[in-house]
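Take a look at the letters that make up each chain.
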Amino acid sequence: MKLRIAVLPGDGIGPEIMKQGVAVMDAIARKFSHDFEYEEGLVGASAIETVGDPYPASTHELCMKSDAVLFAAVGDLKYDNDPTLKVRPETGLLAMRKKLGLFANVRPVATFPCLLHKSPLKDELLRGADFVVIRELTGGMYFGEKYQDNDKAYDTNVYTRPEVERILKVAFQMAMTRRRHLTVVDKANVLASSRLWRQIAKEMESLYPEVRTDYMFIDNASMRVLTEPTFFDVIVTENTFGDILTDETSCITGSMGLQPSSSLGEHTPLFEPVHGSWPQAKGQNLANPLAQILSAAMLLEHFGLNEEGALVRQAVNASLDANVRTPEIQVDGGQKYGTKEVGEWIVKYIEKA
C-alpha cells in the first residue's frame, strides 16, 4: 500500500517521539513492502517562532493533500507562563481540528498486565479494564464565544443537533463493534447543552436496539472510571469533559505515555498520543515514545493494515515485558533506556519477527 503521511512533530518532546514513530512505520513498510511517503509540517510554538502562525496555511495544505496525519504534541513554557499572549501553540491544534473537520476523537484505554503496579489503583480494580472514550472535538467551550477583561470572563458551551448526532453515531457504531454497551456522559442536571445531548441520545437509542445505553453525570463518571473501570465499554462525551476524563484514565494505564488516539471526521484522519509536549524534558531522551508508536499502529489499522498494526502492538508489549522502558515506567533497578533506545528496540523486534 502507498500512503502519503503528513508528519507534524510540534514542540517539546514531539520531535523525539515522532522520530521513533516514523522509524517504526518505516520498519513496517520494509517488512510488508509498503510505500510510506512523509512530508513534515510546522505546528505549534515552532510554527509561531518560524512564521508567526501556530497552524500556517502551508501545513493545512499539506494535511489536506495527505492520506493521514501523524502528530506529536504542541506547547511551550514561554506561552504557558504568559496569559496575556494572544497567539498560543494550542490555538494551532484547535485550528487544525476545526479546519480538518476532526470532530471525533477516539481514545482507547486498556491495561498492560506488567504495568499494573505503576497505577495508583488497586490491581483488582484494573484487571480486564478495556474501554474507548469518544470525545467530541470541534464544539463546546473550546470553540464557543469567549470574552475576557480585568473583571469578567466567559466561555460559551454551544452545541447544535447535527454536531451531537454525528458524534453519537460514531459512538453507537463503535459500541456495535465491541461489547454493545454505550455510556453517555453529561451534566444534564445543570447544563442545557447536556440536556440536548441526552435528548438526542435517547432519540437515537431506537436506531441501535442491540446497544445497551446508559447515562452518567460527569462527576459520577470521573469517579467510576477509577473505582469501576471494567464497567465501561464505550464512553461518549462533549469536548471539555472528554479532555479531562481521558487524562484521568492515565491512572489506569499507568502512564500518559502509553495512550494513543485518533481524530476522525470530514477530511484527513489524524493520529496522536494523548499527552502533551513536556517542554521540561525536551532534548533529554527521557520521553516515552510508546503512545506515539501506538498511534502509528492506529494509523495502520485505520487503513485496513491490521496485521501490521498487530505486529506493532506485539512489539510494544514485548518491550514492556522485557523491561525496555523509559524511566517513568521502569521497574526498580531496571536498566536505563531512553526515547531513542526504546524505539530502536521495537524496530529491531519488528525486523526479526
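The shown structure was predicted, so the numbers you read here are calculated from the model rather than taken from an experiment. (Residues numbered from 1 in each chain as written. Predicted model: local features only at pLDDT ≥ 70, side-chain atom pairs only at ≥ 80, totals over all residues. Heavy atoms only, no water.)

Any details on the overall build of the protein chain? Residues and values, ideally.
Across its full length, the protein chain holds 14 helices and 12 strands. In terms of overall size, the protein chain behaves like a compact globule, its C-alpha atoms giving a radius of gyration of 20 Å where 353 residues would be expected to give roughly 20 Å. Scored against the burial criterion, the 353 residues of the protein chain give a buried share of 54%. Intrachain contacts of the protein chain at a sequence separation of at least 6 include 75% that bridge at least 24 residues. Surface exposure of the protein chain reaches about 15,300 Å², of which carbon and sulfur atoms provide 52%. Of the side chains in the protein chain, 38 bear a positive and 48 a negative charge, and the two mean positions are spaced by 2 Å. (Helix = DSSP H or I, 4+ residues; strand = E, 2+ residues; numbered from the N terminus. Rg over C-alpha atoms; globule rule 2.2 N^0.38 Å. Buried < 20%, exposed > 50% of the residue type's maximum accessible area, 1.4 Å probe, protein only. Contact = heavy atoms within 4.5 Å. Areas by Shrake-Rupley, 256 points an atom, 1.4 Å probe, with all protein chains shown as cover. Lys, Arg positive; Asp, Glu negative; His and termini not counted. Charge placed at Lys NZ, Arg CZ, Asp CG, Glu CD.)

For empty space enclosed by the protein, give the residues involved together with the corresponding values.
Under the counting rule described, the total for this entry stands at one cavity of 30 Å³ or more. Roughly 50 Å³ of volume is contained in the largest cavity. For the largest cavity, the full set of lining residues is Asn-157, Tyr-159, Val-185, Asp-186, Leu-191, Ser-193, Ser-194, Trp-197 and Glu-238. It is helix α8 (residues 192-204) that provides the largest number of residues to the lining of the largest cavity, a total of three residues. Taken together, the residues that form the lining of the largest cavity break down as four nonpolar, three polar and two charged. (1 Å grid on protein atoms, 1.4 Å probe; cavity = no way out; pocket = protein on both sides within 12 Å on 5 of 7 lines; lining within 4 Å. Points joined across faces, edges and corners; volume = space filled by probe spheres on them. Nonpolar A, V, L, I, M, F, W, Y, C, P; charged D, E, K, R; others polar.)

Can you break down the pairing of strand β1 (residues 2-10) residue by residue, with the values?
As a general feature of sheets, a regular strand has side chains that alternate between the two faces. Among the nine residues that make up β1, seven are buried, leaving the element largely enclosed by the rest of the structure. As for the winding sense of the linkage, the β-α-β connection from β1 through helix α1 (residues 14-32) to strand β2 (residues 35-40) is right-handed. For β1 and strand β3 (residues 68-73), the ladder comprises five bridges, and the chain directions are parallel. By the bridge assignment for β3, Val-7 is matched with Leu-70. (Right-handed = clockwise from strand over helix to strand, strands pointing away. Pairing = 2+ DSSP bridges.)

Hey, could you go over α1 for me, with residue numbers and the actual values?
Helix length check: α1, at 19 residues, gives a terminal C-alpha distance of 27 Å against a target of 27 Å (1.5 Å per residue), a fit within 8%. Looking only at α1, the buried set comprises Gly-14, Glu-16, Ile-17, Met-18, Gln-20, Gly-21, Val-22, Val-24, Met-25, Ala-27, Ile-28 and Ala-29. (Expected span 1.5 Å × (residues − 1).)

Please set out the layout of surface pockets residue by residue, giving values where relevant.
Taken as a whole, the largest pocket spans an internal volume of roughly 1,200 Å³. Considering the residues around the largest pocket, the lining is formed by 46 residues, among which Val-74, Asp-80, Glu-90, Leu-93 and Asp-243 are closest to the centre. Of all elements in the fold, only β3, α5 (89-100), β6 (146-148), β7 (153-155), α10 (239-248) and β12 (270-273) reach the threshold of two or more residues within the lining of the largest pocket. With five residues, the top contributor of residues to the lining of the largest pocket is α5. Roughly 580 Å³ of internal volume is contained in the second largest pocket. If you trace the second largest pocket, you find 27 residues lining it, with Pro-108, Pro-260, Met-298, Glu-301 and Arg-313 closest to the centre. When grouped by side-chain class, the residues that make up the lining of the second largest pocket number 15 nonpolar, eight polar and four charged.

Can you lay out the packing of aromatic side chains for me, pointing to particular residues and giving the numbers?
Across all of its chains, the model carries six aromatic pairs by this definition. The interplanar angle of 50° and the centroid separation of 5.8 Å between the aromatic rings of Phe-131 and Phe-232 together place this pair among those described as tilted. You can see Phe-131 sitting in strand β5 (residues 130-136) and its partner Phe-232 sitting in the loop between α9 (218-227) and β10 (234-237), a full 101 residues away along the chain. Each member of the pair, Phe-131 together with Phe-232, is buried. Plain terms: the ring middles of Tyr-159 and Trp-197 are 5.3 Å apart, the flat faces sit at 90° to each other, and that makes the pair edge-to-face. Within this pair, whereas Tyr-159 is found in the loop between β7 and α7 (161-176), its partner Trp-197 is found in helix α8, the two being separated by 38 residues in sequence. Trp-197 gets classed as buried once you look at its relative accessible area, which sits at 2%. (Phe/Tyr/Trp six-rings, centres within 6.5 Å; stacked < 30°, edge-to-face > 60°.)

These results come straight from atomic positions and should not be treated as a statement about function.
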